[in-house]
Amino acid sequence: SNIPLVAINQSCTHPERIYDRLRWWESPKEVKCSFKDKLNNYFRRKGANTIDSFNEIFTGTLTIIPSFPDFDPLNMTNKYNTHYVGPILWDPINDSKYSNSRIFEDKFKRKIFCYTGRFYDYAGESGVVIFKSLVSLYKDLDLDLVISTGSEVDKKIAYEILSEIGIQSNNIKIIDWVPMGIAYSNSDLIIHHGGHGSCLGQIIYKVPSLILPTESEREYNARMFEKLGVSDFITKDELKPDIILNKINKIMNTKNYYNNINYWHNKLNN
């Protein structure tokens, strides 16, 4: 058909990515017939070109990486006509209709903003695990913990969980959603699950993070941000309240994280 295809991708699923291993916590498995083989069988029947790597399906006539090479490194970019364009985020920061923005009006108390992600997604009950781990720290955190569930449905579940475990605290604020720019710009630390957009938002709004990745792509992002010196992370096997608390204290009391995030912000804007 010769219809041009523009693909938007990140390095961990690009066929020319610099690292061969993405799933650190999984043991290699012997696969007799991979999904790539099944795709190629279908392509042959239809008279289409076959692929050498499954990740080729994430490329197009033009392939865009909405990021920067230090975070999303590739071996080469010519083969798949790949171009870096810097962070691309939808963030209606100037929309005044979001009443949740008022939570961030108190400038005198330190704040941690946490985005749990969906409580139940393809990684299981990842959002629930993150939420329970964080609220268990309410006695140990002398600051406001603002937790965004991402939806009204998950917000309702969050309150049900608090009721079940008997936690009541004025320092815990639960919301469904708020523009990233408002949350990030008014927080001292971000906690998130390692999504690509959540990471890039840190660079834009100059705030370090603690990342709690719940699957392979998110752990890849977490490891890359750790190398940039703007985040620390905890794997799903180490997700315990005392470890989270130690990491929070470490980041919030170490100037290098804040210096490094300013460095990368300035580098991307020069």
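Our subject is the structure listed above.
Residues numbered from 1 in each chain as written. Predicted model: local features only at pLDDT ≥ 70, side-chain atom pairs only at ≥ 80, totals over all residues. Heavy atoms only, no water.

**A closer look at the sheet that holds strand β1 (residues 6–8)**
By way of backbone hydrogen bonds, the strands of a sheet pair with one another, either parallel or antiparallel.
Consideration 1: Sheet architecture is open: three strands sit in the order β1-β2-β3, paired in parallel fashion. Strand pairing shows two members of the sheet lacking a second neighbour, β1 and β3 (82–84), which therefore form its edges. Put simply, the sheet's adjacent strands are angled 25 degrees from each other on average, direction ignored. (Pairing = 2+ DSSP bridges. Helix = DSSP H or I, 4+ residues; strand = E, 2+ residues; numbered from the N terminus. Axes fitted to C-alpha atoms, helices over the stretch in contact; angles between N-to-C directions.)

**Quick look at the pairing of strand β5 (residues 144–148)**
Consideration 1: Burial analysis of β5 places five of its five residues in the buried class, which makes it a mostly covered element.
Consideration 2: Here β5 shows two buried faces, one formed by D144, V146 and S148 and the other by L145 and I147.
Consideration 3: As paired elements, strand β4 (residues 111–115) and β5 share five bridges and run parallel to each other. Each bridged residue has a counterpart across the sheet, and for C114 the counterpart in β5 is I147.
Consideration 4: The handedness of the β4 to β5 crossover, carried by helix α2 (residues 126–135), is right-handed.
Consideration 5: Judged from the four bridges that link them, β5 and strand β6 (residues 172–175) form a sheet pairing that is parallel. Following the sheet pairing, V146 is matched in β6 by K173.
Consideration 6: The β-α-β motif built from β5, the intervening helix α3 (residues 152–165) and the parallel element β6 has right-handed crossover chirality. (Buried < 20%, exposed > 50% of the residue type's maximum accessible area, 1.4 Å probe, protein only. Right-handed = clockwise from strand over helix to strand, strands pointing away.)

**Examining the side chain of S133**
Consideration 1: Among the structural elements, S133 can be located in helix α2.
Consideration 2: Of the polar contacts made by the side chain of S133, one reaches the backbone oxygen of V129; its length is 2.8 Å.
Consideration 3: Sequence-distant contacts of S133, defined by excluding residues within four places in its chain, comprise L239, P241 and I244. (Polar contact = N/O pair within 3.5 Å; in protein donor to acceptor, adjacent residues only side chain to side chain. Contact = heavy atoms within 4.5 Å.)

**Overview of helix α8 (residues 255–268)**
Because an α-helix packs 3.6 residues into every turn, residues spaced three or four apart end up facing the same way.
Consideration 1: Counted at 1.5 Å a residue, the expected span for α8 with its 14 residues is 20 Å, and the 20 Å between its end C-alpha atoms agrees.
Consideration 2: Buried within α8 are the following residues: Y257, I261, W264 and H265. Along the long axis of α8, the arc covered by the buried residues comes to 105 degrees, so they all point the same way.
Consideration 3: Of the surrounding elements, those touching the buried residues of α8 are α5 (196–205), α6 (216–228), β9 (231–233) and α7 (241–252). (Expected span 1.5 Å × (residues − 1). Arc of directions from axis to C-beta.)

**Some words on the nonpolar core**
Consideration 1: In terms of nonpolar packing, the biggest core is built from 32 residues, with I112, F131, I191, L210, I244 and I248 touching the most fellow members.
Consideration 2: Looking at this core, the elements that each hand over two or more residues are β4, α2, β5, α3, β6, β7 (189–192) and α7.
Consideration 3: Each residue touching F131, except ones within four places of it in the same chain, is listed here: T116, F119, I147, A158, I161, L162 and I174. (Core = buried A, V, L, I, M, F, W, Y, C linked by side-chain atoms within 4.5 Å.)

**Quick notes on unusual backbone geometry**
Consideration 1: For N81, which is not a glycine, the phi torsion comes out positive at approximately 45 degrees.
Consideration 2: Relative to the assigned elements, N81 resides in the loop between β2 (62–65) and β3.
Consideration 3: Under the relative-accessibility criterion, N81 is labelled partly exposed at 32%.
Consideration 4: If you check the backbone angles, K206 has positive phi at about 60 degrees while not being a glycine.
Consideration 5: In this structure, K206 sits in the loop between α5 and β8 (209–211).

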